[in-house]
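Residue strings, one per chain:
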Protein chains: 2
Amino acid sequence: MKKEISKLLEVRESVRVVDATLRDGGLVNDFYFTDEFAKALYLTNVKAGVDYMEMGYRADKEQFDENSFGPWKFSSDEYIRKIVGDNNTDLKLAIMADVGRCNYKEDIHPKAESPVDLIRVATYLHQLPGAVQMIEDAYKKGYETTCNIMAISTASMEDIKSALDIVCQTPISCIYIVDSYGSLYPEQTERIADMYYEIASKYGKKVGMHAHDNQKLAFANTIEAVGDNVDFLDATYCSMGRGAGNCAMELLLGFLKNPKYKERYAIKFVEDYMLPLKEQGVVWGYDMQYLTTGLLNQHPRTAIQFTKEGRKDYFAFYQEMLNLD
Amino acid sequence: MKKEISKLLEVRESVRVVDATLRDGGLVNDFYFTDEFAKALYLTNVKAGVDYMEMGYRADKEQFDENSFGPWKFSSDEYIRKIVGDNNTDLKLAIMADVGRCNYKEDIHPKAESPVDLIRVATYLHQLPGAVQMIEDAYKKGYETTCNIMAISTASMEDIKSALDIVCQTPISCIYIVDSYGSLYPEQTERIADMYYEIASKYGKKVGMHAHDNQKLAFANTIEAVGDNVDFLDATYCSMGRGAGNCAMELLLGFLKNPKYKERYAIKFVEDYMLPLKEQGVVWGYDMQYLTTGLLNQHPRTAIQFTKEGRKDYFAFYQEMLNLD
């Protein structure tokens, strides 16, 4: 459906911008952000008018060694408070909880005891019953909840529709389109968004978009989704995120016309904090190994390994992925 | 209009991919590509199934000093022959001729004496009568011609429509949408493409897309255009082009499903020739100074200057551009 011209200029009050830098960006540096960085990011989000800040994962410390990860792998209520105090701001705080990797019964405490507002449950299709339990648990504890069904680009539309029907009957406020492999083109995003919206709106739920930049389309897919009734928009500063990274916050805030979003703070944060990370040698962002896995609709793990090994033989990697060598 | 699913998988025979690396990329390094580079690029285009290769500008040597530019600022027939011989391939060769900067009466020789197939006339709106003369001259000399009307994002729709009506009555085969400032979002591209196509198709002309990557949307705008009846698609390897650069050839060939386009040769050329250019210190590509001018719909010259000066104070630049300082 052609987007209305007015949509480029009007304010859609239902839009929510979610900063996922500590969480998806944390996948790049094992969550070793300094407290100064986390604090500056928090203050930037407050000033820039960002709606939610994802503080990281709440991973199970019995499964993951605290000595191998920075604090935002676990994002304890105490550590979050260390950064945000009582968070007397309009910025809401989120954590991500992976099905099977979060001991949610123990580690997610009642909302009244926590600075967190939103629990984002991430699940693969085959884990859906586990996701439903986690959502219900978090809801009962007083949290807003959303759900990310990951890796949908390799699932059948029928399976996705069934999953949406199930998860939209839980108390979630929003169901996310997640382009885990960065393989979607905007015209596919449009079709998927229409399908998600059709089911979600039936249950009074919102739709969200979490994009990856393997084909330099994270921002394009996100603004395509905005035109297709998608309200929750994930972004990270300087696109920091696993592999090719995510939709850049500095691009997204520039696109959105609601005056509460302040582009200049995003640019300032990238200059002051993100580019120094790059200069320190932390590596993420669009590159041809990610184009290759995105194009072939594959998990980016091989491309991430290629990056870690400092390989530059992009052509050989492409041939490997095609199994032509 | 929603793109048909089949369009993602089918072959549209009318699509033409135009490599603009020597020309738009030449704006980055003053056209100082080695002959080895030009030859390898030519052979890559032949193998990758690219339809046209733009060899550079044919600038007037009385206006531009030959000692200040590499060969592709002038792209003489003799120099082109040095690289391509008689070009007994399916790859067609193009040059760009700017209105007012090309002594076309003298410097564009009859087609029978030249290896060039296509003259691409570039014009601003206010130079249109000059463009018409150049198109007619080139057509009479035996060339295919296309026309790029530049900087349309600051022109009124009425002026653009009038210009299209004039230029579509010349013997051009294609009229280009040119996003000179990298300011267009895909939904604007869709509307502009529809408008161009409506007028162009009335005269039996094709529409082309020349995108810039200021907001990381060059590829997104190009594939949006493909779905909107746009046939001529400009791209450059590794996005090399003025300022933020262009649509990346390695992304575009991956998207197009016609088996004549061979992604692997694009990846190999980027690895072997484009990344070494970057390592030598040639600078182009998306960065926040270009985001700033793109967002504000301004000519990128201030951002290019910022880049040349090695400035990193993106926030101050943004404030300067807003005149807030």
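Residues numbered from 1 in each chain as written. Chains lettered and ligands numbered in written order. Predicted model: local features only at pLDDT ≥ 70, side-chain atom pairs only at ≥ 80, totals over all residues. Heavy atoms only, no water.

Draft legend 1. Quick peek at the sheet that holds strand β8 (residues 232-235) of chain A. Residues and elements named next belong to chain A. Read once around its circumference, the closed barrel built from 8 strands follows the order β1-β2-β3-β4-β5-β6-β7-β8, with strand pairing classed as parallel. Adjacent strand axes in the sheet meet at a mean angle of 25° when their direction is disregarded. Each of β3 (92-98), β4 (118-123) and β5 (144-149) touches helix α6 (residues 128-140); the most contacted strand, β4, lies at about 175° to it. Along the sheet, helix α7 (residues 157-167) makes contact with β5 and β6 (174-178), crossing β5 at roughly 170°. (Pairing = 2+ DSSP bridges. Helix = DSSP H or I, 4+ residues; strand = E, 2+ residues; numbered from the N terminus. Axes fitted to C-alpha atoms, helices over the stretch in contact; angles between N-to-C directions. Contact = heavy atoms within 4.5 Å.)

Draft legend 2. Looking closely at the relation of the copies chain A and chain B. Note on the copies: chain A fits chain B at an RMSD of 0.0 Å, the axial shift is 0.0 Å, and the rotation between them is 180°. Such a turn and shift between the copies fits a two-fold axis. The fraction of interface residues of chain A whose copies in chain B are also interface residues reaches 100%, indicating that both copies meet through the same surface. (Least-squares fit on C-alpha atoms with pLDDT ≥ 70 in both.)

Draft legend 3. Region of the structure containing the interface of chain A and chain B. Each partner contributes residues to the interface: chain A has 45 residues there, and chain B has 45 residues. Both faces considered, chain A and chain B share a buried interface measuring about 4100 Å² in area, 67% of it formed by carbon and sulfur atoms. Where Lys216 of chain A meets Asp213 of chain B, a salt bridge forms, and the shortest distance between an N and an O atom there is 2.7 Å. Linking chain A to chain B there are 8 residue pairs in polar contact (both at pLDDT 80 or more). Of all the elements in the fold, those that place two or more residues in the side of chain A that touches chain B are α8 (186-202), α9 (218-226), α10 (249-255), α11 (263-279), α12 (288-295) and α14 (314-322) of chain A. Tallied by class, residues from the side of chain A that touches chain B come to 22 nonpolar, 6 polar and 17 charged. (Buried area = accessible area lost by both parts, 1.4 Å probe. Salt bridge = Lys/Arg side-chain N within 4 Å of Asp/Glu carboxyl O. Polar contact = N/O pair within 3.5 Å; in protein donor to acceptor, adjacent residues only side chain to side chain. Nonpolar A, V, L, I, M, F, W, Y, C, P; charged D, E, K, R; others polar.)

Draft legend 4. The arrangement of the domain arrangement of chain A in detail. All names here are of chain A. Domain parsing of chain A yields domain 1 (9-279) and domain 2 (288-322). On a C-alpha basis, the centroid separation for the pair domain 1 and domain 2 is 25 Å. Contacts between the two partners involve 12 residues from domain 1 and, on the opposite side, 10 residues from domain 2. By the criterion of area lost to domain 2, the three top residues of domain 1 are Tyr181, Asn214 and Arg242, representing 51% of everything that side buries. Summed over the shared surface of domain 1 and domain 2, the result is 0 salt bridges. Taken together, the links from domain 1 to domain 2 amount to 4 residue pairs in polar contact (both at pLDDT 80 or more). Of the residues contributing to the side of domain 1 that touches domain 2, the split by class is 3 nonpolar, 8 polar and 1 charged. (Domains from an automatic or database assignment.)

Draft legend 5. Region of the structure containing the packing of aromatic side chains. Taken as a whole and assessed by the stated rule, the structure comprises 34 aromatic pairs over all chains. With centroids separated by 5.4 Å and ring planes inclined at 70°, the aromatic side chains of Phe37 of chain A and Phe269 of chain A adopt a geometry described as edge-to-face. Pair noted here: Phe37 of chain A is in helix α3 (residues 35-48) and Phe269 of chain A is in helix α11, with a separation of 232 residues, a long-range link. With a relative accessible area of 4%, Phe37 of chain A lands in the buried category. Residue Phe269 of chain A is classed as buried on the basis of its relative accessible area, which comes to 2%. Where Phe269 of chain B meets Tyr273 of chain B, the ring centres are 5.1 Å apart and the plane angle is 15°; that geometry is what we call stacked. Within this pair, Phe269 of chain B and its partner Tyr273 of chain B are both found in helix α11 (residues 263-279), separated by 4 residues, close to a single helical turn. Look at Tyr273 of chain B and you get partly exposed, because its relative accessible area is 22%. Here the guanidinium or amino end of Lys73 of chain B rests over the ring plane of Phe69 of chain B, the centre of that ring lying 4.6 Å away. (Phe/Tyr/Trp six-rings, centres within 6.5 Å; stacked < 30°, edge-to-face > 60°. Buried < 20%, exposed > 50% of the residue type's maximum accessible area, 1.4 Å probe, protein only. Lys NZ or Arg CZ within 6 Å of the ring centre and 35° of its normal.)

Draft legend 6. Up close: the UniProt feature "domain: Pyruvate carboxyltransferase" (unreviewed entry) in chain A. In the numbering adopted here, UniProt assigns the feature "domain: Pyruvate carboxyltransferase" (unreviewed entry) to residues 15-271 of chain A. Along residues 15-271 of chain A the backbone is 39% helical and 17% strand, and the end-to-end C-alpha distance reaches 26 Å. (UniProt positions renumbered as here; feature names shortened; annotations may be inferred.)

Draft legend 7. Spatial organisation of the pattern of salt bridges. Considering all chains together, one arrives at 36 salt bridges over all chains under this definition. Arg311 of chain B is the partner of Asp313 of chain B in a salt bridge, and the nearest nitrogen-oxygen pair spans 2.9 Å. Here Arg311 of chain B falls in the partly exposed class, since its relative accessible area comes to 22%. Residues participating in the shared-partner salt-bridge network are Arg23, Asp24, Glu54, Arg120 and Asp234 of chain A.

Draft legend 8. Molecular detail of the side chain of Lys73 of chain B. Here Lys73 of chain B is to be found in the loop between β2 (52-57) and α4 (77-84). No salt bridge forms around the buried Lys73 of chain B; measuring N to O, its nearest opposite-charge neighbour Asp98 of chain B is 6.5 Å away. (Lys, Arg positive; Asp, Glu negative; His and termini not counted.)

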